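Listed here are the chains, written in short residue letters.
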Amino acid sequence: MFIYFKLNSIIIIYKLRLKIMIVMLIDRLKEVVGEEWVITGEDTELYSYPAFIPLKVNPPIVVLPGSEEEVIELVNLLNENNVKYLVRGSGTSLSGSTTPTQGEVVISLTRLNKIYSFEGYEITVGPGLANFMINKFLSTSNLFYAPDPSSYVVSSIGGNISHDSGGMHTPKYGTTFDSVVKLKVLLPDGSVDEIGGSNFFDPTSIFVGAEGTLGIILRATLRLFPRPEKSKTLMASFNSIEDAARAVINVFRCGVTPAAMEFLDKNSIIAIENTQYKANYPITEAILLIELDGYSENVEEEEVRVIKAIRESKGEIHVPKDEEEKNRWWWGRKGAFPSFAYYSPAYLTLDANVPRSTLPTILKFIYDISKKYGLPVANSFHAGDGTLHPLIGFNPKNVDETINAIRAAEEITKFAIKLGGVPSGEHGIGIEKIKFMKLYYSEDDLEIMRRIRNSFDVKGLLNRCKLIPPSKGEICNVVNKIHSYLLEGDI
Amino acid sequence: MYNLSLKLTDMCTHCGFCLETCPTYVVTRNEVHSPRGRIEAIRAGINSIGFQTCMYCRLCETACPAGVKYGQIIIPFRKSDLKKVIIEKLLENPKLFSKVLKYTNKIHHPDMERFRKFIKDYEITEPLENNDEGDIILFPGCIESILFRKTVENAFKLLSKRYKVRILNGCCGLAHISNGNYEGAKKLAEKLSREVNGKKVVTLQSNCAAFMKEYKELFGIEINSYDFAEFLIKESIEVPRINDTFTIHYPCHAYRQGLTKYIKELALRLGVKISEMEDPYFECGAGGDYWLSHPKLSDLVMKAKKEKIDKSGVKKVIVTNSVCALAIRSMGYEVFHLADLIFQSQ
Amino acid sequence: MDWVSEVERVTKVNEGNNKGVVKWEITVIPQSYEEVRNIIKIANERKLSIYPYSLNSHHIGPPISVNIGLNLSNLNKIIEISDEDFYVTAQVGIKVDELFNILKNKGLFLPAYYNGSLGGFLSTNLPTPFSSFYGYPKNLILMAKIITGDGIIVKSGGKTTKFSSGYKLHKLLSGMLGLLGIYLEATLKAYPYPEVIVTAEVKNINLTSKYRPVSLIYEREKEEKVIATFLGFKNAIEKMERELGIKSVNGFYTIDYSEGENVVSLHITRGREIEEVKKAYEYLSIRKTFCIIGTGYCRLMLNSFEGLEKLRSSINGYVVVEKGEYSGDYWGFRSKTLHRLKNALDPNAILCPSLYVT
């Protein structure tokens, strides 16, 4: 009893000390960035979560630096005072990578949104720049930036790099990784490193997908692709999921690498047709939206073969009657997530990546899970590369329903791993999928990742208790029941 | 009303698609001044400064994938003050407003300094009035009638060729609702409905036209309202060809209501060669009375807008909303209403 | 017991190599990953140095001398080929051209060609005859099993084409020349094999051309030429040939990375290869050059290294000495990130010491 009180009072004193330190810190932070760019008080709650809805944690302070120099000064200041911090872009992480679960100071890099230079096939930008701004800048150029996650109207380049965001064009153009050439990073000890630009000894790879655990991206040089001469869209509708899945494989088998190939299940189609994203899709069991691009003659050859492959898989071909209809179809697909609000405004977005050939198996499993937990589910699938996005609806005001949705997500992710897939294809692990790291990796694998992280973040201040399951000696603050469910427990 | 707002926020999935369309977010990069942030503040019960920094352009609604009705949600959270109440009252009575302006324009006060930055003394006139019963109503809009009298005369001249026009000077209520004064806006809508008595209303303010079209959803009142360009197109009124190059600014609410296609169509029928600016529907920076109440933010937005207009490469801008015209003119451009272009060659 | 005997107890040992750019005292030829681990564990305990290789045909960088030459050529099996999901998993000892042909026979296209082992291909990360579009070897790696400098075998990546589930160790090690860890096996991304692959000399074609070359190589010896590789369907390619008025041959450009005595490479802005290499001609005495347009990589076979430092200070990028005896710094760049990674992955610094000082 006595020990319990003593422990409790130690924790209280520790938290009090922390509060005092933070108050003293605020003045110094204001000196670095200017008073108007330090958010204290109630408004910090607006930074309590990105796009991962189940878990909200109010940070003590939010700082918005306006230059690379200010970021460096901030990190040095936080280091000196042993204050935990994390870095955020546009706040659209679907896995909760930027949810300040450990009471971190949030550094928002949204003001670092310049385009610095454009030379050859490379463009250099700040981390706070929204993805779509690059192609907006390049609108009169014959080059384009390929990675186009559905959040491209808002997601930041820094966030894209930290999660290795994908998008619809990965079958041909790769992920964000394949478009990163150089990085200027701020390491947790306050030193700046410029990396990349050579095939030898280039450590850029470690930062892509590192989810803000190794350092801060201050600047990125990105690779651009030449625009294709022609781009053609086809839609295929199917009476069964198995037929659609077979078609996916047959398209590749006939020698075609599509620029994009998207799958929508019936539930997705119904939702889209009932919202502003209405695209006049046929209401069938599944549709495939296929984009072919390249040299016009080659695209025509590809089209012939794709149509044959679709028909052999018992699919019906639809060709858009004009540019407007084509754009409508793709716009509908981009609306697959937000239109889920038709079933439920709050939903979990999974992104288990599975080998394409296992699509029918996992889809059947997902529909069973939907029945089991009584929650609405719709599936859209980057059929071109195997990323499955089951959306699971839930009521966030109901804690039990929230946990049920998380449980349903867990079962699906586990199954995906069992089928030879990975827990996350593009949304990252964050806090959402941290448990699955123990399922996918061995303890040795995790130990090496911890070693790497610890050699960068020596003091343990940068976005901890995310991405890598805490080791036995590591203490992670658990804020509530949902956090506890996500972080601890068996899988 | 608070409860209704709270209920409406349920549709928001916190996706952030609205961020880069919001002028205050674009110039501050701060979540507090973003639609997503404001909605979250409402949900969390925070009294955020973001509620007052919103320009009420509602461009966020055009980007929202879930169709969140931000414009309705924010109303109960907007604070009014004595200055705003006075301005509202003056807008309702343009003739009084012009007299007051002529008088206060001589005063040395920061607000009047700022006012004079945008408006020259000689421009303040009494509104054009007439006593005709009229078949259609010409509704110039609160400040159009006292700052751009020539435009009103042009519109009246054109419409009088075909119709008997009654000029009705008043306020549509957009300023009121933007300040959170739902009741005030509703009273104005009711008054207008009584006065027009079912006749067609043609307004010279694209944002007023847009707001009048929302009367039904907001107040259950229906008015047969048209934006100027919309009326000319729908009634197939012929216009001369002027053959000159302009760029077009699409007033925010008009864009949201889809009225911009009429503006563009009328410009084309006038033989205008359109040199597009970047993001032609981006907030001009005036924001109703925002340019007076939030001068710093307003200036930042205007700076951003100017960079976008510059990309058109032309100096002449078609603007069918009076405050937008003031803002864009202050950036160094020549502004024209479509009504002005019709009589330009004469 | 002396260290050689201790090593002999865990694996097959042969005579070392005291000729050439890399020298080692004994050669070990492990038959399994377990043996590799045991060798490395001994090296850590006894503070021995290791140089991993399969064919030892493409050493890059300064000459080095180590205790153990780790020959991985016995680990040369193909573990899995999926013609439904388009990937191949193979051990590092297999030869890349063999792998290419085996996959071709199954209708799969690996956009790579290298006259060496898979391990060499991955750890040198040199661009391929398809890199203008398909990227470097690093871009083809989906998953790998690697062993760290202190003997821990880890998996990184996944069989799927997208992976956001942890640090990309499988990609990190590519281009590290064995400095941070050793590849044991890797899963590579494959594409459907095109109906035709053709190559021709072209004029006035660049990467943004509507014909979409997957490779554009600028070659200069006595004269300058540009050689393009296209792939696609026969009818389309034939039409292109008629429109361009070119006569192409089946196949792709052969890169021989063992060619030349004094070899440097330029690492510059993608798309500016030709402009930058012209600068190189002002400072260096160059016998032959080729640049892979769009990769930022140019390979220069020199008559001598004179003028190198002057070029280094005037170029916007790096100049790396890949082959030859150079008295200065072979690499011309440092990285604090690399230093931390070396500490994490090879804490006792047993892998390729003095190859690159972090």
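Residues numbered from 1 in each chain as written. Chains lettered and ligands numbered in written order. Predicted model: local features only at pLDDT ≥ 70, side-chain atom pairs only at ≥ 80, totals over all residues. Heavy atoms only, no water.

1. What about the pairing of strand β1 (residues 12-17) of chain C?
Residue and element names in this part refer to chain C.
- Pairing geometry for β1 and strand β2 (residues 22-29), over 5 bridges, is antiparallel. Counted as the bridge partner of K12 is I29 from β2.
- Hairpin remark: β1 followed by β2, antiparallel, with 4 residues in the connecting loop; positive phi at G20, about 95°. (Pairing = 2+ DSSP bridges. Helix = DSSP H or I, 4+ residues; strand = E, 2+ residues; numbered from the N terminus.)

2. Quick look at the pattern of salt bridges
- With the rule as written, the count across this model stands at 85 salt bridges over all chains.
- One salt bridge connects A:K334 with A:D148, and the closest N-O pair in it is separated by 3.9 Å. Highlighted residues: A:K334 in helix α10 (residues 323-334) and A:D148 in the loop between β7 (143-144) and α4 (157-163), separated in sequence by 186 residues. Pair check on accessibility: A:K334 and A:D148 agree, each one buried.
- We note a salt bridge from A:K364 to A:D368, for which the minimum N-O separation is 3.3 Å. Of the two residues, A:K364 and A:D368 both sit in helix α11 (residues 359-373), 4 residues apart, roughly one turn of that helix.
- When salt bridges that share partners are traced, they join A:K136, B:E278, B:D279, B:K308 and B:K311 into one network. (Salt bridge = Lys/Arg side-chain N within 4 Å of Asp/Glu carboxyl O. Buried < 20%, exposed > 50% of the residue type's maximum accessible area, 1.4 Å probe, protein only.)

3. Section: the state of the cysteines
- Per the counting criterion, the structure on display carries 2 disulfides over all chains.
- Across a sulfur-sulfur distance of 1.9 Å, A:C465 and A:C476 are joined as a disulfide pair. The sign of the S-S torsion, about -95°, decides the handedness of the disulfide formed by A:C465 and A:C476: left-handed. Note that A:C465 is positioned in the loop between α14 (443-456) and α15 (481-487) and A:C476 in the loop between α14 and α15, a separation of 11 residues in sequence. Grouping residues by exposure puts A:C465 and A:C476 together as buried.
- Shown here is the disulfide that connects C:C291 with C:C298, its sulfur atoms set 2.3 Å apart. Measuring handedness by torsion sign, the sulfur bridge of C:C291 and C:C298 sits at about 110° and is right-handed.
- C:C291 gets classed as buried once you look at its relative accessible area, which sits at 0%. (Disulfide = S-S within 2.5 Å.)

4. A word on the domain arrangement of chain B
Residue and element names in this part refer to chain B.
- Taken as a whole, chain B is organised into domain 1 (2-77), domain 2 (82-233) and domain 3 (240-344).
- In this complex, domain 2 contributes 36 residues to the contact, which on the side of domain 3 involves 35 residues.
- Carbon and sulfur atoms supply 64% of the area that domain 2 and domain 3 bury against each other, a total of about 3,100 Å² over both sides.
- Considering only the surface of domain 2 that becomes buried against domain 3, R114, F118 and I233 emerge as the three largest contributors, covering 22% of it.
- At the boundary of domain 2 with domain 3, the tally comes to 5 salt bridges.
- Here E214 makes a salt bridge to R256, at a shortest N to O gap of 3.6 Å.
- In this assembly, domain 2 and domain 3 are joined by 13 residue pairs in polar contact (both at pLDDT 80 or more).
- Elements represented by at least two residues in the side of domain 2 that touches domain 3 include exactly α7 (82-92), α9 (110-118), α10 (144-147), α11 (149-160), α14 (206-212) and α16 (228-234). (Domains from an automatic or database assignment. Contact = heavy atoms within 4.5 Å. Buried area = accessible area lost by both parts, 1.4 Å probe. Polar contact = N/O pair within 3.5 Å; in protein donor to acceptor, adjacent residues only side chain to side chain.)

5. Digging into the interface of chain C and chain A
- Each side of the interface is counted separately: chain C has 85 residues, and chain A has 96 residues.
- When the buried area of chain C at its contact with chain A is split by residue, C:K162, C:Y167 and C:F233 rank highest and sum to 14% of it.
- Counting across the chain C and chain A interface gives 11 salt bridges.
- In this structure, the connection of chain C to chain A is made through 46 residue pairs in polar contact (both at pLDDT 80 or more).
- Top contributing element to the side of chain C that touches chain A by residue count: helix α11 (residues 336-345) of chain C, with 7 residues.
- Residues that form the side of chain C that touches chain A fall into these classes: 38 nonpolar, 25 polar and 22 charged. (Nonpolar A, V, L, I, M, F, W, Y, C, P; charged D, E, K, R; others polar.)

6. Focus on the arrangement of the chains
- Where 2 pairs of chains are in contact, the pair with the most contacts is made of chains A and C.
- Separating chain B from chain C is a minimum C-alpha gap of 20 Å, and the two share no contact.

7. A word on the sheet that holds strand β18 (residues 297-302) of chain C
Residues and elements named next belong to chain C.
- With antiparallel pairing, the 8 strands of this open sheet are ordered in space as β15-β12-β14-β13-β17-β18-β16-β19. A strand with exactly one partner marks an edge of an open sheet, and here the two such strands are β15 (249-250) and β19 (317-323).
- Strand contacts of helix α8 (residues 234-244): β12 (196-202) and β14 (224-232), with the helix running at about 150° to β14, the strand carrying the most contacts. (Axes fitted to C-alpha atoms, helices over the stretch in contact; angles between N-to-C directions.)

8. Considerations on the nonpolar core
- By size, the foremost hydrophobic cluster in this structure holds 241 residues, and its most contacted members are A:F201, A:L288, A:I452 and C:W331.
- When residues no more than four places from it in sequence are discounted, the contact partners of C:W331 are A:F200, A:F201, C:I60, C:G61, C:P62, C:L177, C:R312, C:V319, C:V320, C:L355 and C:Y356.
- Formed by 78 residues, the second largest nonpolar core is a distinct cluster that contains A:L25, B:F51, B:L174 and B:F211. (Core = buried A, V, L, I, M, F, W, Y, C linked by side-chain atoms within 4.5 Å.)

9. Some points on the interface of chain A and chain B
- With 35 residues of chain A at the contact, the number on the chain B side is 33 residues.
- When the two sides are added together, the surface that chain A and chain B hide from each other amounts to roughly 2,600 Å², 53% of it contributed by carbon and sulfur.
- Scanning the region where chain A abuts chain B turns up 4 salt bridges.
- For A:K136, the salt bridge is made with B:D279, and the minimal N-O distance between the two is 2.6 Å.
- At the surface where chain A touches chain B, the tally comes to 17 residue pairs in polar contact (both at pLDDT 80 or more).

10. Notes on the side chain of B:S322
- Here B:S322 lies in helix α21 (residues 322-330).
- Those residues within four positions of B:S322 in sequence are excluded, and the remaining contacts are B:I143, B:E144, B:F148 and B:Q205.

11. Examining a negative patch on the surface
- Residues A:D27, A:E31, A:E35 and A:E36 make up a contiguous surface patch of negative charge.
- One can find A:E31 in helix α1 (residues 2-33). (Patch = residues over 30% accessible without salt bridge, like charges linked within 9 Å, V, L, I, M, F, W, Y side chains within 5 Å. Areas by Shrake-Rupley, 256 points an atom, 1.4 Å probe, with all protein chains shown as cover. Lys, Arg positive; Asp, Glu negative; His and termini not counted. Charge placed at Lys NZ, Arg CZ, Asp CG, Glu CD.)

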